[in-house]
Amino acid sequence: SSSVRAALLSEARERLGVARSQIAVIETVRQTARDICGSDGITFVLREGDLCHYVEEDAIGPLWKGQRFPLSSCISGWAMMNAQTAVIEDVFEDARIPYDAYLPTFVKSLIMTPLGEKNVAAMGAYWRDKRSFTNLEISTVKTYGALVGKALSDLLEPQYH
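Model, not experiment: these values are computed from the prediction. (Residues numbered from 1 in each chain as written. Predicted model: local features only at pLDDT ≥ 70, side-chain atom pairs only at ≥ 80, totals over all residues. Heavy atoms only, no water.)

In the sheet, strand β1 (residues 41–48) pairs with strand β2 (residues 51–59) via eight bridges, with the strands oriented antiparallel. Bridging across to β2, Ile42 finds its partner in Asp58. Following β1, the chain reverses through two residues before pairing antiparallel with β2; Gly49 in that reversal takes a positive phi of roughly 65°. Bridging between β2 and strand β3 (residues 68–70) involves three bridges; their strand directions are antiparallel. Note that in β3 the partner of Cys52 across the bridge is Phe69. (Pairing = 2+ DSSP bridges. Helix = DSSP H or I, 4+ residues; strand = E, 2+ residues; numbered from the N terminus.)

We now examine the pattern of salt bridges. Evaluated as defined, the whole model comprises nine salt bridges. A salt bridge links Lys65 to Glu56; its shortest N-O distance comes to 2.9 Å. The class for Lys65 is partly exposed, based on a relative accessible area of 46%. Using a relative accessible area of 12% as the deciding quantity, one classes Glu56 as buried. (Salt bridge = Lys/Arg side-chain N within 4 Å of Asp/Glu carboxyl O. Buried < 20%, exposed > 50% of the residue type's maximum accessible area, 1.4 Å probe, protein only.)

In this section: helix α3 (residues 75–82). What α3 keeps buried is the set Ile75, Ser76, Gly77, Ala79 and Met80. Packing partners of the buried residues in α3 comprise β1, β2, β4 (86–88), α4 (99–102), β5 (109–115) and β6 (121–127). (Contact = heavy atoms within 4.5 Å.)

Printed below as a string of structure tokens:
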């Protein structure tokens, strides 16, 4: 329900607010994003030069943890380079999706959002069923992504308390 989602978002906001390292931010995403987004899987992707590094995931089946792909050939790279959220209802019908990378996975639909003011990372939420997304689902992923992005940006700025 939306009240449960709001409570989870609030809790994640608090955890992200006290995160003092990138690892702590990523761990918070791993532990909370799936429940908040209502998805079957999530990934946390860091931009490393012209590569996307899939550093963490929580999913019903293996995705791409530990792997690196060119920015130009994956949807996380597209989201970071275009500073836009990608909403894909059928991964096998979208030209931005590397078909072969998705074939062995459970993923049929996804929302991928860039993170941070400089789009230094991205978060993907994945579903096993091909589906139409509601505005609430899309805005929830984007809102959560904005919280994570702020936490990442805060780590890069000097802290004055």
